Amino acid sequence: MKLISFKQSLVAFGVLLTLGACDTDEKLEVKGDGVVYEENFYRNETEAYSGLVAAYDKLGKFAGAMENAPLLFLNSASDDFFAGGGGPDDQPGLQVASNYTISPGNIPPNIWADYYKGVARCNIMLAKLPAIPMDAAKKTRFTAEVKALRAYYYFDLVRMFKNIPLILAPITLKEEIPLIEQAKPQDVYAQIEKDLNEAITDLPMTLPSAELGRFTKGAATALLGKVYLYDNKKAEAAAELAKVNGTTPGQPSSYGYNLMPKFSDLWNHANKFNTESIFEIAYTDKSNADWGNFERGDDEGNVAAQLMGIRDYTRTKLGLTALLPDYINGWGFMVVTNDLRNTLLGDPRYASTIYDAAAARGTDNKDPNGLITYTDSYNETGYHFIKYAAVNSDIKSSNPFLNFGINTYVIRLADTYLLEAEALGGTGARAQALLDAVRLRAGVLPVPVSLDAIYAERRLELAGEGHRWFDLVRTGQAAAKLAFKGFTPGKNEAFPIPYSEFNNTKMVQNPNYN
Amino acid sequence: MKLTKLLMFCISSLLFSVIAIAQDVTVNGTINDESGLPVPGATISVKGTNKATASDFDGKFQISVPSNGTLTVTFVGYVTVQEAVNGRTKLDIKLRPESQNLNEVVVVGYGTQKKSVVTGSISSVKAKDLESLPITRVEQALQGRVSGVSIAANAGQPGSASTIRIRGFTTLNNNDPLWVVDGVIVDNGGIGYLNQSDIESIEVLKDGASGAIYGSRAAAGVILVTTKKGKAGKISVSYTGYAGTSQAAKKIDLLDASQYVTILNEAYVNGGKPAPFAPTTDKGTNWQDVIFNDHAQRYSHELSFSGGNDTSTFYMSFGLTDQEGIITTDISNYNRKNIRLNSNHKLGKYIKIGQTLGYSNEKTIGIGNTNDEFGGPLSSAINLDPLTPVLVGPEAAVAGSPYVNNNALRDPNGNYYGISTNVTQETSNPLAYTQTRLGNNDFSENFVGNIFIEAEILPGLKFRSTAGAKLAYYGSDNFTPVYYLNGATKKDVNELFRSYKKSYSWNWENTLNYAKKFGDHNFSVLVGKGTYVDNITSGNDITYRGVPATTHDDASFNVDIPIADKIANAYNAQALEHRVESLFGRLNYDYKEKYIFTGIIRRDGSTRFGPNHKYGTFPSVSLGWVPSKEGFWKENDVVGNLKIRGGYGVTGNDSSPDFLYISTVGIQRNYTIGGNIANGQSTNAIANPDLKWEETKQANIGFETTLFRDFNLTVDLFNKKTEGILMPVPVPGYVGATGKTYANLADMENKGIDVELGYRKKIGALNLSVNGNFSYIKNEITYLDKGTNFLAGDETVQSSAYEINRTQVGQAYNSFYGFKTNGIFQTQADVDNYKNAAGKVIQPGAKPGDFRWQDLDGDGSIGSNDRTFLGTSLPKFTYGFTLNLDYKGFDMLVFGQGAGGNMIYQGLRRLDITNANYQTEVLGRWTGPGSTNSYPRVTTNDTNKNFTNPSDFNLEKGDFFRFKTIQLGYSFPKEWIESISLQKVRLYVTGENLWTITKYTGYDPEIGGPTTAGMNNVQGVDRGYYPQAKSYMLGVNLQF
């Protein structure tokens, strides 16, 4: 009998276990470790700030990538540089930009997509900020920064791709995606101008050192001036640019901007956020980036500096004695064209811009009188670009390629001087004074102001900083100046939209690309 | 077979020797099998009594029996014989083999079933099929042995996993089958802990009706592994061991130095540049000779003990396997140690308890990149120029040479490892590369076990509770010295790295099983509840930079270095656990084993879905009919034991990432503000609250029969349709999402046939058996979400301008996609005359010697719209055969296996390195009008993208047949060994991968899944695949 009761209790136990399965819903709630739901985020100032940082993150792509770094891509497309590198298929995105075989299939898709990631992070912030309980003044400033960032991203997009979707609110349903259409360029410009005008009001004039890198009133104003110029609103452009340039070119403006005394000081990488720097993209050698997190978002190094370095650069004994710079072994991209080299020859700015590698090497790597040895890049001319050149003491991390803390200028005062002079039609005393100030600082004699003089000056002053291709297209010189690279007028004024954007969408490709 | 007989004999003698007491007539008899050989260990019982005995080694027995009584003779695998004594005292009884497998028991999930009443499509591999085969990982046991299962090695690196597909690709997600080892669910990658000789049987549940008992996790098929249990009786000790040597089965033909110079100079001249290399007649360096080891060693020892008594049985074993890789052996090695303890016990009459526990310790030394064009010794050996010497003297360190770099590596004699100045980037001297990884290893320790209690509550009603768990510790231990391999591959600060991870999963199942027989009606009912929790993972890693050491052995964490050089990371799995809660039930019914019914229903809830679709229900039904048991069936020698069966079942899949149904915020979107890194966060991809279970509906119809008594035939036809495949929506860049949005986007269908045919014959003393299997499968995408015309693949090869695969309705999943060549322009006139309908010259920039691309859209130019489908990456058919022969003491095994109908993307050459070496096929390049119409000119300026456009030029047929194993053995006669108390001594030689028949030009046509995590299911892309070794081994089996 005892056995039976044991059996019965087992039956009861079994049935209980087997059927007692009703209350499992709670167990089936997934528990996350550090996983934050959108509905539980954007609740306070700290979270708003991290959302703001995410919106800034994509600025870093400018030089924080390889073939999809706009700095490298735009330089490659200009008449100042060949892509270079190890061979004709090394970083193919740069090669096809350089030799104008660029097509929807070979443009690096992230050139496009990274900007839109930036846009999306601005859009989510603009949607969330109004409801976040936080200090009102900070909220106003965050909002202004996000609008300025969105304007910055769209400005690059519209200049590079011309016909782009203008997305101003977060996309929350997948069903919305295929319905999106491209906007007219003038509508994009109108939105950029609106965003910037709204931002300028609420941005701070100056930043404490702990905030350097964020948008200021001056940066947004300079950007707006530039946008107006591209939008062919010359008077508005001149007015905005005049604000940052100040009343007397060469003297500090009311925003505190002033040309650096020496051109070469601009390229001392320790001079971050100097008086001439209006908007600057910040990098650091502290993020320990490695290939595992390369381009993930927590890699904060300037990678373009590695790509632009001379291949296998080594100083010989003579070179060491001659105290030649201790450049890193780079990957040989951004080979200076003979055209740029010849244009700059004799200009004091040459020494900060171009390194005569071939001359230092001699006849070849075995030349007993050679100061250096190095390996030729693809398209080697013997001239290499050094404004952002890294030296071995810049290597601070065990991955020597991805962690250069060298900042890049996006807008600096010499640029806005020349833009204002251009907006003024390239005539008049003010335009002359602006041009003179740039030339004076460079250490060259004044020339009479004219649009051509301004364009020529821009090339000398701003070589390799990512402006040249935009300048050529804006001023209508692209067809003539880029013919030697295979530029096709009526086609290459805009880059092709990456073909992956056409999969199941309403997108229309730019003219003459298939 | 012999072994089984011996074992049966031991057990039977133990059980019955006491019972045979003389009475009435004493009958002396002999039991022989159909060929006249004695059958030891057969049970001879007196009908209607509990009196029984067993036949001895010579098949003889003696039993006392009433002179009018009847003897019943039973032996596993043979038809039971009833023999009336009729006063005789001498009986010769002949046993006829039961048409095979009729009494075989099949593991079906939460229980076993007699094979005769199984209605699903289940294939088995038994221990005896695997004995003394050189199997390092358990999945290799299935390769080529069961129909409908395709298995391809992921790499020849020892210890590498294989890609297993049961009846093709079921989904666009995780297609790995569910592994259940003694009731414990073990993830596919973690199955390597099993020791081959511990396996009793492996069952593959292929159809939906069988798999449905595992519901939401069974869509890609289920593999049930049962480990060995002890048997009551004398303790049995057995040892199996082998040692052998491996080498590359094939080397590819690369250009030697003189050919290299010729081709490269020609390419430069064609590219409009001066020829850079001075002509030479040297052969130069063959880098393959540098990396391949023709004498890689391997060995294995396995020792097991089993035994027990009426209440307790045990099985325990120890295994040790060590295998050196054939490529850069110093950094390619696998070592595994196993311990297993299984036991079963009876607690009184009604309660059984038992446990299984396996422990493994694995250490893998890997070459780093495999099947990756960007670095790794194999890719380097293929691409390095033959001009660079392996070693150069110390005098090479002159100004201007790469050897002046302080970190250039040297051998013990002070010579530098040659550094190529022609081929750089990730490609480097493999010997130097080896020096940078010496001693680095990955380790893992696995504990997998379970414990069960089974109680017979009422006659026929059993309650069983099983708790199982898997605990794994794994990580890696690496030291990277400073090195300079070339300008792009260097390390200026050394690094000592250690990672240590833990993962844990557990499950608990409770079942009630009631079996009852009402006359000829057999019922059994199973109900159960299960909880399955996995993905409990955590870990950390530590990096010390700049430690005072130059080798792995000297490097230590016990050093003082600046705090800034100590980097630590820790993490947990994002979802702390993935949990599935299940209720399931099964009803089996048969009438005289003639009409058979099985019904299964399972309901699963998963943490991976939102409140809208948390639960899924997975039913199945299957029916069987055995016409050969019908009254109208006439015994015949042509068709016997015919069973016709069919079933339909629904299974599911929740193997998508977690948190997809709700919008989440991600980290690591940082920016440098004020010189410091500010941490940024933003929303991830668009969430999809309507995400639901992916369902696989599979219909299966088949039959099993014997033909002409000696043949066994099983044929299954199936149609497997997966609906609502969970997959990332291909979101255009303008959405700006970080991460992927998932939806139930696609449907896919697999139709096919599985055939297994066996033949077994005894001809005198010769035993012969041949088993073959063949499967054909057709995969097709049948539906994609509205507005989605196709899914662009995510696989690219090197600098190819386009992705190489695409998924589209009407095509096989992830088919190769690219341009079609149409010969080569022989003359400028050919170029000028190649026009579209409107008269536009299609390739105005092309030169003679360039490919003529087909202008498929007819627009007069070559662009992305001119791409098309170029073939499937999935084998359409797989097959295998096993031949077993034994004659007296000799035995022989021949096992071969093949696949075909698929294409392989041959991407061995680095296209972005101008000076990379070529395979000798380039010698047949275009050199002038009429020279060739299939291999384009070489040029450094390939503007026509002859090589970089993904095209049919890059694709090759993947068909192959391989003699996988050939084994010859000899067992010593028992008279010789009995005196030293041995039961069995067998010596054997084995050859593995001796011969492969294929037209493929790479190393190895057997290419499994991608090795790069995150690459989706694109098989058949050869980026420098670690080929499988050819091995010769000598082995021994001993049994005490």
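Cut-offs and rules
- Residue positions within a chain follow its written sequence, with the count starting from 1.
- The order in which chains are written sets their letters, starting at A; the order in which ligands are written sets their numbers, starting at 1.
- The predicted nature of this model means local features are confined to residues of pLDDT at least 70 and side-chain atom pairs, given and counted, to a pLDDT of 80 or more, with totals for whole chains, interfaces and linings taken over all residues.
- Only hydrogens and water are set aside; all other atoms, that is, all heavy atoms of the structure, feed into the side-chain values.
- Going along the chain from the N terminus, every DSSP run of H or I of four or more residues is numbered as a helix, and every run of E of two or more is numbered as a strand.
- Throughout, the radius of gyration refers to the C-alpha atoms, and the reference size of a globule is 2.2 Å times the residue count to the power 0.38.
- Only protein chains enter the area calculation, which uses a 1.4 Å probe; residues under 20% of their type maximum are buried, those over 50% are exposed, and those in between are partly exposed.
- Whether two residues touch is decided by their heavy atoms; if any such pair falls within 4.5 Å, the residues are in contact.
- Areas reported here follow the Shrake-Rupley algorithm with a probe of radius 1.4 Å; residue values treat only the protein chains shown as occluding.
- By convention in these notes, a salt bridge is any Lys or Arg side-chain nitrogen within 4 Å of a carboxyl oxygen on Asp or Glu.
- To count toward a patch, a residue needs a relative accessible area above 30% and no salt bridge. Like charges then connect within 9 Å, nonpolar side chains (Val, Leu, Ile, Met, Phe, Trp, Tyr) within 5 Å.
- Confidence of the predictor at the level of single residues is given by pLDDT, which spans 0 to 100.
- Here, strands pair whenever DSSP counts at least two bridges between them.
- By buried area we mean the combined loss of accessible area, with a 1.4 Å probe, across both parts when two parts are placed together.
- Whenever two N or O atoms come within 3.5 Å, that pair is a polar contact, provided that in protein one can donate a hydrogen and the other can accept it, and provided that, for residues adjacent in sequence, both atoms are side-chain atoms.
- Residue classes follow a fixed rule: Ala, Val, Leu, Ile, Met, Phe, Trp, Tyr, Cys and Pro count as nonpolar, while Asp, Glu, Lys and Arg count as charged, and any other residue, Gly among them, counts as polar.
- For every element, the axis is a line fit to its C-alpha atoms; helices are fit only across the contacting stretch, and the angle between N-to-C directions ranges from 0 to 180 degrees.
- Two aromatic rings from Phe, Tyr or Trp, using only the six-membered ring of Trp, form a pair when their centres are within 6.5 Å; if the ring planes differ by under 30 degrees the pair is stacked, by over 60 it is edge-to-face, and anything between is tilted.
- Expected span of a helix, by definition, is 1.5 Å for each gap between consecutive residues, and there is one gap fewer than residues.
- Residues counted as positive are Lys and Arg, residues counted as negative are Asp and Glu, and His and the chain ends are not counted.
- Here the nonpolar core consists of buried residues drawn from Ala, Val, Leu, Ile, Met, Phe, Trp, Tyr and Cys, with membership extended through side-chain atoms lying within 4.5 Å.
- For classification purposes, angles smaller than 35 degrees are called roughly parallel, those larger than 145 roughly antiparallel, those between 65 and 115 roughly perpendicular, and all remaining angles oblique.
- By convention the crossing between two helices is left-handed if the near helix lies anticlockwise of the far one by an angle smaller than a right angle, and right-handed if it lies clockwise.

1. Some points on the overall build of chain B
- Broken down by element type, chain B carries nine helices and 56 strands.
- Scaling as 2.2 N^0.38, a compact globule of 1040 residues should have a C-alpha radius of gyration of about 31 Å, and chain B matches this with 32 Å.
- Projecting the C-alpha coordinates of chain B onto the three principal axes gives extents of approximately 105 × 65 × 65 Å.
- Per-residue burial over chain B gives 58% buried out of 1040 residues.
- At a minimum sequence separation of 6, the contacts of chain B that also span at least 24 residues come to 70%.
- Taken as a whole, chain B presents about 39,700 Å² of accessible surface, with 56% of it coming from carbon and sulfur.

2. A closer look at the overall build of chain A
- Within chain A, the regular secondary structure consists of 19 helices and nine strands.
- Projected onto its principal axes, the C-alpha coordinates of chain A cover approximately 115 × 60 × 50 Å.
- Here chain A holds 514 residues, and the buried ones make up 62% of them.
- Once local pairs closer than 6 in sequence are excluded, the contacts in chain A between residues at least 24 apart make up 70%.

3. Here we look at the pattern of salt bridges
Residue and element names in this part refer to chain A.
- With the rule as written, the count across this model stands at 87 salt bridges over all chains.
- Measuring nitrogen to oxygen at the nearest pair gives 2.6 Å for the salt bridge that ties Arg159 to Asp156. Taken together, the positions of Arg159 and Asp156, both in helix 6 (residues 136-161) and three residues apart, correspond to about one turn of that helix.
- Judged by relative accessible area, Arg159 falls into the buried class, the value being 10%.

4. Side note on a nonpolar patch on the surface
- Where nonpolar side chains cluster on the molecular surface, the patch consists of Tyr514, Phe518, Phe523, Val525, Val527 and Leu587 of chain B and spans about 460 Å² of accessible area.
- Looking at where Tyr514 of chain B falls in the secondary structure, it is placed in strand 28 (residues 495-518).

5. With respect to the confidence of the model for chain A
- Averaged over every residue, the pLDDT of chain A is 92; residues scoring 70 or more account for 95%.
- Taken together, the stretch residues 18-22 of chain A has pLDDT below 50 and engages in ten contacts with residues farther than four places along the chain or on a different chain.

6. Some details on the sheet that holds strand 52 (residues 955-957) of chain B
Residue and element names in this part refer to chain B.
- Strand order in the open sheet formed by three strands is 52-51-55, and the pairing between neighbours is mixed. Two strands bound the open sheet, and with one partner strand each, they are strand 52 and strand 55 (1021-1022).
- When strand 51 (residues 903-906) meets strand 52, the two strands line up antiparallel, connected through three bridges. The partner of Met903 across the bridge, within strand 52, is Lys957.

7. Digging into the interface of chain B and chain A
- At the junction of the two partners, chain B supplies 104 residues and chain A supplies 99 residues.
- Here chain B meets chain A over a buried area of about 8,200 Å², counting both sides, of which 58% is carbon and sulfur.
- Counting the surface chain B buries against chain A, the share from its top three residues, Tyr671, Ile673 and Tyr734 of chain B, is 11%.
- The interface formed by chain B and chain A includes one salt bridge.
- One salt bridge in this structure joins Asp785 of chain B and Lys174 of chain A, with 3.7 Å as the shortest N-O distance.
- Joining chain B to chain A, the criterion identifies 22 residue pairs in polar contact (both at pLDDT 80 or more).
- Looking at side-chain class alone, the side of chain B that touches chain A contains 44 nonpolar, 41 polar and 19 charged residues.

8. Quick look at the sheet that holds strand 7 (residues 90-94) of chain B
All names here are of chain B.
- As summarised here, the arrangement of the three strands in space is 4-1-7, forming an open sheet in which the pairing is mixed. Unpaired on one side and paired on the other, strand 4 (60-65) and strand 7 mark the two borders of the sheet. Across the sheet, the axes of successive neighbouring strands diverge by a mean angle of 30°, strand direction being ignored.
- Note: strand 1 (residues 25-32) against strand 7, five bridges, orientation parallel. Bridge pairing links Asn32 to Lys94 in strand 7.

9. Brief notes about the packing of aromatic side chains
- Taken as a whole and assessed by the stated rule, the structure comprises 70 aromatic pairs over all chains.
- Both rings, one in Phe155 of chain A and one in Tyr230 of chain A, keep their centres 5.2 Å apart while their planes meet at 85°; by these two values the pair is edge-to-face. Here Phe155 of chain A is found in helix 6, whereas its partner Tyr230 of chain A is found in helix 8 (residues 217-230), with 75 residues between them in sequence. Of the two residues examined, Phe155 of chain A and Tyr230 of chain A, each falls in the buried class.
- A ring pair is formed by Phe518 of chain B and Phe523 of chain B, whose centres lie 5.9 Å apart and whose planes are at 75°; its orientation type is edge-to-face.
- Judged by relative accessible area, Phe518 of chain B falls into the partly exposed class, the value being 46%.

10. Comments concerning helix 2 (residues 45-57) of chain A
- Counted at 1.5 Å a residue, the expected span for helix 2 of chain A with its 13 residues is 18 Å, and the 18 Å between its end C-alpha atoms agrees.
- Helix 2 of chain A sits mainly inside the fold: ten of its 13 residues count as buried.
- For helix 2 of chain A, the set of buried residues is Glu47, Ala48, Ser50, Gly51, Leu52, Val53, Ala54, Ala55, Tyr56 and Asp57 of chain A.
- At its buried positions, helix 2 of chain A is contacted by helix 5 (109-128) and helix 6 of chain A together with strand 36 (671-673), strand 37 (676-678) and strand 38 (682-683) of chain B.
- Sitting at the amino-terminal end of helix 2 of chain A is Asn44 of chain A, which places a side-chain oxygen 3.1 Å from the backbone nitrogen of Thr46 of chain A.

11. Thoughts on the side chain of Lys139 of chain A
Residue and element names in this part refer to chain A.
- Mapped onto the secondary structure, Lys139 falls in helix 6.
- In this structure Lys139 is buried but unpaired, with Glu45 as the nearest side chain of opposite charge at 9.8 Å.
- Excluding residues that lie within four positions of it along the chain, Lys139 makes contacts with Leu129, Pro130, Ala131, Ile132 and Met134.

12. Brief notes about unusual backbone geometry
Residues and elements named next belong to chain B.
- At Gln668, a position not held by glycine, the phi torsion is positive, near 65°.
- Relative to the helices and strands, Gln668 resides in the loop between strand 35 (664-666) and strand 36.
- For Asn993, which is not glycine, the phi dihedral falls at a positive 50°.
- Checked against the element boundaries, Asn993 lands in strand 54 (residues 984-998).

13. Section: the environment of Ile135 of chain B
All names here are of chain B.
- Position of Ile135 relative to the elements: it lies in the loop between helix 2 (127-130) and strand 11 (149-153).
- Overall, the relative accessible area of 8% leaves Ile135 in the buried class.
- Placed 62 residues apart in sequence, Ile135 and Ser197 show a C-alpha to C-alpha distance of 9.2 Å.
- Dropping the residues within four chain positions of it, Ile135 is found in contact with Leu130, Gln140, Ala141, Gln196 and Tyr242.

14. So, the pairing of strand 28 of chain B
Residue and element names in this part refer to chain B.
- Where strand 25 (residues 461-480) lies against strand 28, 20 bridges are found, and the strand directions are antiparallel. Note that in strand 28 the partner of Tyr473 across the bridge is Lys502.
- Bridge count between strand 28 and strand 29 (residues 521-545): 23 bridges; the pairing is antiparallel. Note on strand 29: the bridge partner recorded for Trp508 is Thr531.
- Linking two consecutive strands that pair antiparallel, namely strand 28 and strand 29, is a turn of two residues; a positive phi of about 60° is found at Gly519 within it.

15. Notes on the nonpolar core
- Counting residues in hydrophobic clusters, the biggest one holds 154 residues, and the most contacted among them are Trp112, Tyr152, Phe161, Phe215 and Phe495 of chain A.
- Excluding residues that lie within four positions of it along the chain, Tyr152 of chain A makes contacts with Leu59, Phe62, Phe215, Leu223, Phe279, Ile281 and Val410 of chain A.
- Counting 44 residues, the second-largest nonpolar core is a separate cluster that includes Phe292, Val423, Tyr918 and Ala1029 of chain B.

16. Regarding the packing of helix 5 of chain A against helix 6 of chain A
Residue and element names in this part refer to chain A.
- Following both chains from N to C, one finds helix 5 and helix 6 inclined at 155°, their axes separated by 9 Å at the closest point. It follows that helix 5 is roughly antiparallel to helix 6 by the angle criterion. Note that helix 5 runs across helix 6; the crossing there is left-handed. Contacts between helix 5 and helix 6 involve Ile111, Trp112, Tyr115, Tyr116, Gly118, Val119, Cys122, Asn123, Met125 and Leu126 from the former and Thr143, Val146, Lys147, Leu149, Arg150, Tyr153, Tyr154, Asp156, Leu157, Met160 and Phe161 from the latter.
- Its residues assigned to classes, the contact of helix 5 with helix 6 shows 15 nonpolar, three polar and three charged.

17. Notes on the pairing of strand 53 (residues 960-971) of chain B
Residue and element names in this part refer to chain B.
- By the bridge criterion, ten bridges tie strand 50 (residues 890-900) to strand 53 in an arrangement that is antiparallel. Residue pairing across strands places Leu893 opposite Gln967, the latter belonging to strand 53.
- Examined bridge by bridge, strand 53 and strand 54 share eleven bridges and lie antiparallel to one another. Along strand 54, the bridge assignment pairs Leu968 with Val989.

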